[in-house]
Amino acid sequence: MRVSALALRIMQQFVRDRRTLALLFIAPLFVLTLMKFVFDGQSVSPDIGIAEMPAALTEQLTSSDADIQSYSSIDEAMADLRKGNLDAVLTVNNGRPSITLEGSDPSTNKAVLLLLQNILREHVNIDTSLVVSYLHGSADMASFDSFGPVLIGFFSFFFVFLLAGVSFLRERTSGTLERLLATPIRRHEIVVGYLAGFGVFALLQATLIAAYSVKVLDMYMVGSIGYMLLINLLLALTALTLGTLLSSFASTEFQIIQFIPIVIVPQAFFSGLFNLEAMNPWLQKISNIMPLYYGADAMRGIMIRGEGWGDFGVDAYVLLGFSALFALLNVIALRKHRQL
Amino acid sequence: MMSVPLESSLPPAIVLDEVTRSFNHRTIIDHVSLTVQQGELFGLLGPSGSGKTTLIKLMAGIDRADSGSAHMFGVHLPKLEMLHRFGYMAQSDALYMELSGRQNMAFFGKLYGLKRAVLKQRIEEAARLVNLTEHLNKQVAAYSGGMKRRLSLAIALMHQPSLLVLDEPTVGIDPVLRRSIWQELRSLAAQGTTIIVTTHVMDEAEKCDRLGLIREGRFIAVDTPANLLAQTGSSSIEEAFITLGTRMEGGAVR
């Protein structure tokens, strides 16, 4: 009852505030569109698995830039490719080199192909026309298709974080929180009410972004749109709980903005937008505490590799865990304003 | 939990016993004891920063005392259920500007568990009382200062609390309406509602049953307006307040 009253109030406030609605719904689409036009890929050193290859070619490959791993059979190599441990598998079939690319990241695809073509050109005793096949994706997948899923996650996260943080802060600065806490509402009811009220808009936003990305921007998408919405919603939930929690530690709107370089920007770096392979492995572990990392991983899996629950389920649980943790901390943080 | 003897008449609305509260090593409320009987209209006077708001929060059980105890209607505080019997109008209007007056009232009404039919009726009653009926569907952002104050008051009255705390209720309200609000407060008190009002308006202070003059976290006097005047030989509450304040400072020097 109280929770629904609070949720209803938040919705009523939202509907009256057109600019905020625009920020929530239009801004992500605008930025995504810009990104599509602007971005281009970056190069990496690929991991290539080889199996059943002539010794001379193996030797030449090993001395190249790529990280080469030898397998005793092609099946073993393919299994590792599916697990995501490799970027490509190279073998020789009837004297013709044949490569299978993992395919999720177009810039990696390009790097692998370029490298192999250079090596094969020097190696004259076999046919140089390379047979290329893709595990996921295709030859005409653009860079944007690859990090698009990450961006979708990022923008739902970013805008919901900002809005939730500011509106919870306003509740405090306008004195309405004080008044709210003079009623018999329980602290957890406040947090859950906020989740419910904002959740409705977060779901709308997630649907809009997903539909726009797939239908209008024509992003590469082989998975289920229901899963895509689910992950987007979970990300928004995490952003919502984190935003309201952190607003307890801000006293003005401007201070909420100050959280962006501390909380949001690092997540963008670690979310998979940039390839982290060159980074110190110890530093790479930081991504484990970034909610966006899990959301982006799941989104990419669903959209490019068509993953099902079995593949991204862990990501979903981790996001739920983050939300629950932040919500709980928020209930505790509210003690500052009322002991009960 | 404290048990109230059966043969006793009504338990007092508020009992504070040696209550102390400090923030960041600054003592805001310093060993305050106070008893307010049910149906009393009690006025709280004091300069800003004297601890009025903190004292109110302790009375309501929103805040917990560092030492000493607080009871509301015989129940040891803090206790969430007691907030059902407590109505609060804060110094800031604390309204949702984007919503209409009616939506604001409906929101707070529902937090007190008022059901649809009762809620609708109470909204109408409370709005009539503060003369806002015709503006209920307007967005609060379009309200004048006085209208916001009245809406805030209506929200505090809506769930018919047994203890009503009003922090500066009549600021920005015109004299005619102010008089009718005070008449309503008196009649609520007559029906048994305990009312605690903080005010700066001295002619309002005189309308209270008893006054507590608070300075630097302590009561310097708690008595009826008439007694306070007689005791200090003053002709107005304002004068009495100043006299008592000077006496306290003199005492501190000695």
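Conventions and cut-offs
- Each chain has its residues counted from 1, following the order in which its sequence is written.
- Working convention: letters from A go to chains and numbers from 1 go to ligands, in the order in which they are written.
- pLDDT decides what is reported in this predicted model: residues at 70 or higher carry local features, side-chain atom pairs at 80 or more are listed and counted, and totals for whole chains, interfaces and linings draw on all residues regardless.
- Side-chain calculation: all heavy atoms of the structure are included, whereas hydrogens and water are not.
- In DSSP terms, a helix is any run of H or I states spanning at least four residues, a strand is any run of E spanning at least two, and both are numbered starting from the N terminus.
- Radius of gyration: C-alpha atoms only; globule rule: 2.2 Å multiplied by the number of residues to the exponent 0.38.
- For every residue, the accessible area (1.4 Å probe, protein chains only) is compared with the maximum for its type, and the residue is labelled buried under 20%, exposed over 50%, or partly exposed between those bounds.
- Here, two residues are considered to be in contact whenever any of their heavy atoms come within 4.5 Å of each other.
- For the area figures, the Shrake-Rupley method with a 1.4 Å probe applies, and any residue is considered shielded solely by the protein chains shown.
- Counted as positive: Lys and Arg. Counted as negative: Asp and Glu, with His and the chain ends omitted from the count.
- Charged side chains are reduced to one point each, which is NZ for Lys, CZ for Arg, CG for Asp and CD for Glu.
- Centres within 6.5 Å make a pair out of two Phe, Tyr or Trp rings, where for Trp the six-membered ring is used; the pair is then stacked when the planes are under 30 degrees apart, edge-to-face when over 60, and tilted otherwise.
- Lysine and arginine charges are scored as sitting over a ring when NZ or CZ, respectively, is within 6 Å of the ring centre and within 35 degrees of the ring normal.
- Accessible area that two parts lose when put together, with a 1.4 Å probe and added across both, is what the buried area reports.
- Salt bridge criterion: a side-chain nitrogen from Lys or Arg within 4 Å of a carboxyl oxygen from Asp or Glu.
- Within 3.5 Å is the distance limit for a polar contact, defined as a pair of N or O atoms, with the added protein rule that one can donate a hydrogen and the other accept it, and that residues adjacent in sequence qualify only through two side-chain atoms.
- Charged means Asp, Glu, Lys or Arg here, nonpolar means Ala, Val, Leu, Ile, Met, Phe, Trp, Tyr, Cys or Pro, and polar covers whatever is left, Gly included.
- Per residue, pLDDT measures the predictor's confidence, with a range of 0 to 100.
- For every element, the axis is a line fit to its C-alpha atoms; helices are fit only across the contacting stretch, and the angle between N-to-C directions ranges from 0 to 180 degrees.
- The labels follow the angle: roughly parallel below 35 degrees, roughly antiparallel above 145, roughly perpendicular from 65 to 115, and oblique for the rest.
- Two helices crossing with the near one rotated counterclockwise from the far one by less than a right angle form a left-handed crossing, whereas a clockwise rotation gives a right-handed crossing.
- Strands are treated as partners if at least two bridges between them are detected by DSSP.

Visitor: Kindly report on the overall build of chain B, identifying the contributing residues and their values.
Guide: Helix and strand counts for chain B come out as eight helices and 10 strands. Scaling as 2.2 N^0.38, a compact globule of 254 residues should have a C-alpha radius of gyration of about 18 Å, and chain B matches this with 19 Å. Structurally, chain B occupies a C-alpha span of about 60 × 45 × 40 Å along its principal axes. Across the 254 residues in chain B, those meeting the buried criterion constitute 53%. Sequence separation of at least 24 residues holds for 64% of the intrachain contacts in chain B that already meet a minimum separation of 6. In the structure as shown, chain B presents an accessible area of about 11300 Å², 52% of it carried by carbon and sulfur atoms. Positive and negative side-chain charges of chain B, numbering 27 and 26 respectively, have mean locations separated by a distance of 7 Å.

Visitor: Explain the packing of aromatic side chains residue by residue, including any values.
Guide: Applying the stated criterion across every chain yields a total of 18 aromatic pairs over all chains. Here the aromatic rings of Phe 168 of chain A and Tyr 194 of chain A are separated by 4.9 Å at their centres, their planes lie at 90°, and the arrangement is edge-to-face. Here Phe 168 of chain A, found in helix α6 (residues 143-173), pairs with Tyr 194 of chain A, found in helix α8 (residues 187-216); they are 26 residues apart in sequence, far enough to count as distant. Classification of Tyr 194 of chain A by relative accessible area gives buried; the value is 3%. On the numbers, 5.6 Å between centres and 85° between planes, the contact of Trp 309 of chain A with Tyr 317 of chain A is edge-to-face. Given a relative accessible area of 35%, Trp 309 of chain A falls into the partly exposed group. Tyr 317 of chain A gets classed as exposed once you look at its relative accessible area, which sits at 52%. An aromatic cluster is defined as three or more aromatic residues linked by ring pairs; in this entry it consists of Phe 14, Phe 168, Tyr 194, Phe 198 and Phe 201 of chain A. The cationic tip of Arg 179 of chain A hangs over the ring face of Phe 108 of chain B; the distance from NZ or CZ to the ring centre is 5.5 Å. In this structure, Arg 85 of chain B is placed above the aromatic ring of Phe 73 of chain B, and the distance from its NZ or CZ to the ring centre is 4.1 Å.

Visitor: I'd like a description of the interface of chain A and chain B, backed by residues and values.
Guide: With 27 residues of chain A at the contact, the number on the chain B side is 36 residues. Interface area, chain A with chain B, both sides summed: about 2900 Å², of which 60% is carbon and sulfur. When the area that chain A buries against chain B is broken down by residue, the three leading residues are Arg 16, Arg 179 and Leu 340 of chain A, summing to 26%. Here chain A and chain B share three salt bridges between them. Between Glu 81 of chain B and Arg 186 of chain A there is a salt bridge, and its shortest N-O distance comes to 3.7 Å. Linking chain A with chain B are nine residue pairs in polar contact (both at pLDDT 80 or more), by the criterion used here. Among the elements of the structure, α1 (2-16), α6 and α7 (176-180) of chain A are those that each provide at least two residues to the side of chain A that touches chain B. Ranked by the residues each element gives to the side of chain A that touches chain B, the list is headed by α1 of chain A, at eight residues. Of the residues that constitute the side of chain A that touches chain B, the class distribution is 10 nonpolar, eight polar and nine charged.

Visitor: Before we move on, can you summarise the confidence of the model for chain B with the specific residues and values?
Guide: Confidence in the prediction for chain B averages 87 pLDDT; 94% of positions are at 70 or higher. For chain B, helix α8 (residues 237-253) of chain B is the element with the lowest average pLDDT, namely 74, and helix α2 (residues 101-111) of chain B is the one with the highest, namely 95.

Visitor: Residue-level account of the packing of α2 of chain B against helix α4 (residues 145-157) of chain B, with values.
Guide: All names here are of chain B. Relative to each other, α2 and α4 sit at 25°, their axes nearing to 9 Å. On the basis of the axis angle, α2 is roughly parallel to α4. Classified by chirality, the crossing of α4 by α2 is right-handed. On the side of α2, the interface is formed by Gly 101, Asn 104, Met 105 and Phe 108, while α4 contributes Leu 151, Ala 154 and Ile 155. Along the lines of polarity and charge, the residues of the contact of α2 with α4 split into five nonpolar, two polar and no charged.

Visitor: I'd like to hear about the sheet that holds strand β6 (residues 86-89) of chain B, residue by residue, with values.
Guide: All names here are of chain B. Spatial strand order, β6-β7-β8-β3-β9-β10: six strands in an open sheet with mixed pairing. Of all the strands in the sheet, just β6 and β10 (218-223) have a single pairing partner and so form its edges. Strand-to-strand twist in this sheet, taken as the mean axis angle between neighbours without regard to direction, amounts to 15°. Here strand β7 (residues 163-167) runs beside strand β8 (residues 194-198); their pairing, made up of five bridges, is parallel. The residue of β8 that forms the bridge with Val 165 is Ile 196. The sheet contacts of helix α1 (residues 52-60) involve β3 (41-45), β6, β7, β8, β9 (210-215) and β10, and relative to β3 the element is tilted by about 145°. Contacting β9 and β10, helix α7 (residues 225-232) crosses the sheet at an angle of about 105° to β10.

Visitor: Quick one: what's the story with the packing of α6 of chain A against helix α10 (residues 253-270) of chain A, residue by residue and with numbers?
Guide: Residue and element names in this part refer to chain A. Two elements in contact, α6 and α10, have axes separated by 10 Å at closest approach and are oriented at 155°. Considering their axes alone, α6 and α10 lie roughly antiparallel with respect to each other. The two elements α6 and α10 meet at a crossing, and its hand is right-handed. Taking contact as the criterion, the partners of Phe 154, Phe 157, Phe 158, Phe 161, Leu 162, Gly 165, Val 166, Leu 169 and Arg 170 in α6 are, on α10, Glu 253, Ile 256, Ile 257, Phe 259, Ile 260, Val 263, Ile 264, Gln 267 and Ala 268.

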